[in-house]
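# Coordinate inspection notes
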Amino acid sequence: LKMSWFWFYLPLHLLMAACLCHSIKAPTTSSQQSFKTDLFHFYHSLILADGKETTIHLLKDIPKRYYFVLEEGRTLAPFTITVTPCDVPIEWSILVHKASASFLGKAAQGDHDTQELSKSQKAPSIVSTIFNYKGNSVETYMGMSSHSALYMLEFLSTERDTHITVYLTTDTTSGHLYPELPMDPRIDVIGIRHTTVTLTWKHSPSVLQHRENIQYCLLVNEKHNYKSLCAAETAIRSSGMKLPRTLALSLSPYLLDPQQVMILSNSELSIINKVSSGEVRQICMGTKNTYTVTNLSPSTQYYFDVFVVNLLTNASAAYTGTFARTLEEPEPKVTELKDGKVIQVVLDGKKQKFYSLQYQARHKKIQFTFQLCYGQVRLHITKNGKTVASENISGLRYFSLKGKLLDTYLVQLRSTEESNSSVKVQVSPHFHKPLFPLLPESLKIKSFSKLRTCNSVTIAWLGTQEESKYCVYKKRIEDHQVWMELQSMDRCSGPESRPKSEKVLCKYFYDINLQRAVTTETIKGLDVGTLYLFDVYLFGPSGIPIRYHSKVVKTRKKC
């Protein structure tokens, strides 16, 4: 700052001391010269605001100085200074300059007396360092100040450019800017599983006193603990992301970066940040002091930090961080497949885990059969550890494989949807009679619009060269039910699961010439302008049905 700015901010009693410094001749002793140099530094420092958190940006290897004094009329008062490094360790110290009251009084008498004083007295100040610290922890100094003392704070970063926050207050009666920590600020790990960790911590006294203005926020990451929320936000920003301010962790709406996901459920706000070193989660859970972190990766070390946040001031205090390693994922359970036996597998869509089936070949040629019942399923087959098939299953799928006796086949299945999926699986020697019937080229049901009437519809479907039984079923539905009926359909379920009232007819047919292997059926006795869901079931020699794709048809309103 220029000298003219200094006069504007400087309190009256310091102004007189500064004027004295300019009016006297240059001191000759080293102590006097040191005093003059220190005052010069004060002129080029900034005033530290009382009762307000100040953000200070530091350039590498360049010290920055701030100072403060008490208000006029106060003789002795307590004060506290809290410094929060937001990145790398810093060095900071507090220096005090004390001048005698008689010196300050004579400084106001005039230029003549000042010159006389300079001849008879040495430098009228005592300079001392009362506190210094080096590190990246949040540190608080508490002391007593007098109006005849000038305090200087000096900050230095030797690693790189960084920023810090500083809070000075001389008012100890109006409460705390920062929430209070309990006597024991540790976080306890009370439960560890493969994908979850349960934490608990003692309540902050601030929560008990001002519950509506205080909340806990939890930070989860795979790198290390953070000693302040400020340091955590800086680390996330340094990865190239735009992080919402701490107060965004309350329930206020903020526009997030594309690499961030905000999840609000059960009065809890989660912000998931995708960074190069993994995932960083911020979870605010109100005033609950026990929390289970879910959706973690097995056998992974996570670091957990809890911050108690004052929603009015945006200030926070950090509990002592902890860490925990999730349990190793158990080996997936493997189900043995037996020749000719059909099993139906239900796959959990939320866990997205593979379901494993194993088969040891007793013949050189084998055939796997998969029938998708509902959902979407991904299939992966290996023979002696080498992949032989990998694809998504649709409808009915056969895999004929050749190998050696006692080859080991591993079938892995998983749902590719968040909802559950299901599939039927069978393995048998290739020369065995197939379990499922011979299928036509298409399992679609066709309806003829021109043949629709007010109380009848005509449908057609393809057959095969093998004589088989076909059964037709109908179901009356509403317009809003169409999507749900088609989505929730179990294609593996047979007509035995349906009411007898839905059965229309059963018939046998086949044709050696596939071009003529088509049959039609007119269903009568329907209601005017009504939607119907039609199903056709194909039964083979084994009696296991194959369900054609359902067809929705609406009768005419006017005829």
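Just so we're clear, the structure is a prediction, and the values are computed from it rather than from any experiment.

### Quick look at the overall build of the protein
Check the secondary structure of the protein and you find eight helices and 36 strands. Looking at the protein as a whole, 43% of its 559 residues qualify as buried. Approximately 30,100 Å² of the protein is accessible, and the part contributed by carbon and sulfur atoms is 52%.

### Re a nonpolar patch on the surface
A surface patch of nonpolar side chains, about 210 Å² in accessible area, is lined by Val-189, Ile-192 and Leu-327. With respect to the helices and strands, Val-189 occurs in strand S10 (residues 187-192).

### Examining the environment of Ala-361
Looking at where Ala-361 falls in the secondary structure, it is placed in the loop between strand S22 (355-360) and strand S23 (365-374). For Ala-361, a relative accessible area of 1% corresponds to the buried category. Once the C-alpha coordinates of Ala-361 and Asp-407 are considered, the two residues, 46 residues apart in sequence, prove to be 5.3 Å apart. Not counting the four nearest positions on each side in its chain, Ala-361 is found in contact with Ile-366, Lys-404, Leu-405, Leu-406, Asp-407 and Tyr-409.

### Considering the state of the cysteines
Within the structure shown, the criterion is met by five disulfides. Covalently, Cys-454 is tied to Cys-559 through a disulfide, its sulfur atoms 1.8 Å apart. Between Cys-454 and Cys-559 the sulfur-sulfur dihedral comes to about 125 degrees; the bridge is accordingly right-handed. Remark: Cys-559 occurs in the segment after strand S36 (551-554) and Cys-454 occurs in the loop between strand S29 (446-447) and strand S30 (456-462); sequence separation between them is 105 residues. You can call Cys-454 buried: its relative accessible area is 10%. Using a relative accessible area of 73% as the deciding quantity, one classes Cys-559 as exposed.

### Side note on the environment of Val-346
Along the chain, the position of Val-346 falls in strand S21 (residues 343-347). For the pair Val-346 and Lys-424, spaced 78 residues apart in sequence, the C-alpha to C-alpha distance is 9.0 Å.

### Some words on the sheet that holds strand S33 (residues 518-524)
Reading across the sheet, the three strands line up as S29-S30-S33 and stay open at both edges, with antiparallel pairing between neighbours. A single partner strand is all that each edge strand has here, and the edge strands are S29 and S33.

### Some words on the packing of aromatic side chains
Both the distance between ring centres and the angle between the ring planes are used here to describe each pair of aromatic rings. A full pass over the atoms with the stated rule returns 21 aromatic pairs. On the numbers, 6.3 Å between centres and 50 degrees between planes, the contact of Trp-461 with Tyr-470 is tilted. The exposure classification of Trp-461 matches that of Tyr-470, with both residues buried. Of the aromatic side chains, those joined through ring pairs into one cluster are Tyr-66, Phe-68, Phe-79, Trp-92, Phe-131, Tyr-141, Tyr-151 and Phe-155. In this structure, Arg-397 is placed above the aromatic ring of Phe-399, and the distance from its NZ or CZ to the ring centre is 4.3 Å.

### A few points about the pairing of strand S3 (residues 64-68)
Where strand S1 (residues 46-47) meets S3, two bridges bridge the pair, whose relative direction is parallel. Among the inter-strand pairings, Ile-47 is bridged to a residue of S3, identified as Tyr-67.

### A closer look at the pattern of salt bridges
Across all of its chains, the model carries 13 salt bridges by this definition. With its nearest N and O atoms 2.8 Å apart, the salt bridge here joins Arg-397 to Glu-391. What makes Arg-397 partly exposed here is its relative accessible area of 29%. Residue Asp-535 pairs with Arg-498 through a salt bridge whose shortest N-O separation is 2.6 Å. In this pair, Asp-535 is assigned in strand S34 (residues 531-539) and Arg-498 in the loop between helix H8 (482-487) and strand S32 (503-509), connecting sequence segments 37 residues apart. Judged by its relative accessible area of 0%, Asp-535 falls in the buried class. Taken together, the shared-partner salt bridges in this structure form one network comprising Arg-498, Glu-502, Asp-535 and Arg-547.

### Some words on the sheet that holds S21
As summarised here, the arrangement of the four strands in space is S21-S28-S23-S26, forming an open sheet in which the pairing is antiparallel. Of all the strands in the sheet, just S21 and strand S26 (396-402) have a single pairing partner and so form its edges. Pairs of neighbouring strands in the sheet enclose a mean axial angle of 25 degrees, with direction left out of account.

### Topic: the confidence of the model for the protein
The pLDDT averaged across the protein works out to 79; a share of 76% of its residues lies at or above 70. Across residues 1-32, where pLDDT falls below 50, the model places 46 contacts with residues more than four positions away in sequence or in other chains. Taken as a whole, residues 100-123 scores under 50 in pLDDT and shows 23 contacts with residues more than four places along the chain or in a different chain.

### What to know about the side chain of Thr-200
Here Thr-200 is to be found in strand S11 (residues 197-201). A polar side-chain atom of Thr-200 sits 3.1 Å from the main-chain carbonyl oxygen of Asn-289. Side chain to side chain, Thr-200 and Thr-290 meet in a polar contact 3.1 Å long. Contact partners of Thr-200, with chain neighbours within four places excluded, come to Arg-186, Ile-187, Asp-188, Ile-190, Asn-289 and Thr-290.

### Observations concerning the nonpolar core
Counting residues in hydrophobic clusters, the biggest one holds 24 residues, and the most contacted among them are Phe-368, Phe-370, Ile-381 and Leu-413. Elements with a contribution of two residues or more to this core: S21, S22, S23, strand S24 (377-383), strand S25 (386-393), S26, strand S27 (408-415) and strand S28 (421-429). With sequence-adjacent residues up to four places away left out, Phe-370 is seen in contact with Leu-379, Ile-381, Ile-393, Gly-395, Leu-396, Arg-397, Phe-399, Val-411, Leu-413, Val-423, Lys-424 and Val-425. Core analysis: the second largest hydrophobic core is formed by 22 residues, Phe-79, Val-83, Trp-92 and Val-166 among them.

### A short note on the side chain of Glu-521
Turning to its location among the elements, Glu-521 is positioned in strand S33. A polar side-chain atom of Glu-521 sits 3.2 Å from a polar atom in the side chain of Lys-507.

### Some remarks on helix H7 (residues 229-237)
The buried fraction of H7 is high, at seven of nine residues. Along H7, the positions that sit buried rather than exposed are Leu-229, Cys-230, Ala-231, Ala-232, Glu-233, Thr-234 and Ile-236.

### As for the environment of Gly-395
Considering the arrangement of structural elements, one finds Gly-395 in the loop between S25 and S26. For Gly-395, a relative accessible area of 26% gives the class partly exposed. In this structure, the C-alpha to C-alpha distance between Gly-395 and Tyr-374, residues 21 residues apart in sequence, is 9.2 Å. Excluding its chain neighbours within four sequence positions, the residues that come into contact with Gly-395 are Phe-370, Gln-371 and Leu-372.

About the cut-offs
Residues numbered from 1 in each chain as written. Predicted model: local features only at pLDDT ≥ 70, side-chain atom pairs only at ≥ 80, totals over all residues. Heavy atoms only, no water. Helix = DSSP H or I, 4+ residues; strand = E, 2+ residues; numbered from the N terminus. Buried < 20%, exposed > 50% of the residue type's maximum accessible area, 1.4 Å probe, protein only. Areas by Shrake-Rupley, 256 points an atom, 1.4 Å probe, with all protein chains shown as cover. Patch = residues over 30% accessible without salt bridge, like charges linked within 9 Å, V, L, I, M, F, W, Y side chains within 5 Å. Salt bridge = Lys/Arg side-chain N within 4 Å of Asp/Glu carboxyl O. Contact = heavy atoms within 4.5 Å. Disulfide = S-S within 2.5 Å. Pairing = 2+ DSSP bridges. Phe/Tyr/Trp six-rings, centres within 6.5 Å; stacked < 30°, edge-to-face > 60°. Lys NZ or Arg CZ within 6 Å of the ring centre and 35° of its normal. Axes fitted to C-alpha atoms, helices over the stretch in contact; angles between N-to-C directions. pLDDT = per-residue confidence, 0-100. Polar contact = N/O pair within 3.5 Å; in protein donor to acceptor, adjacent residues only side chain to side chain. Core = buried A, V, L, I, M, F, W, Y, C linked by side-chain atoms within 4.5 Å.

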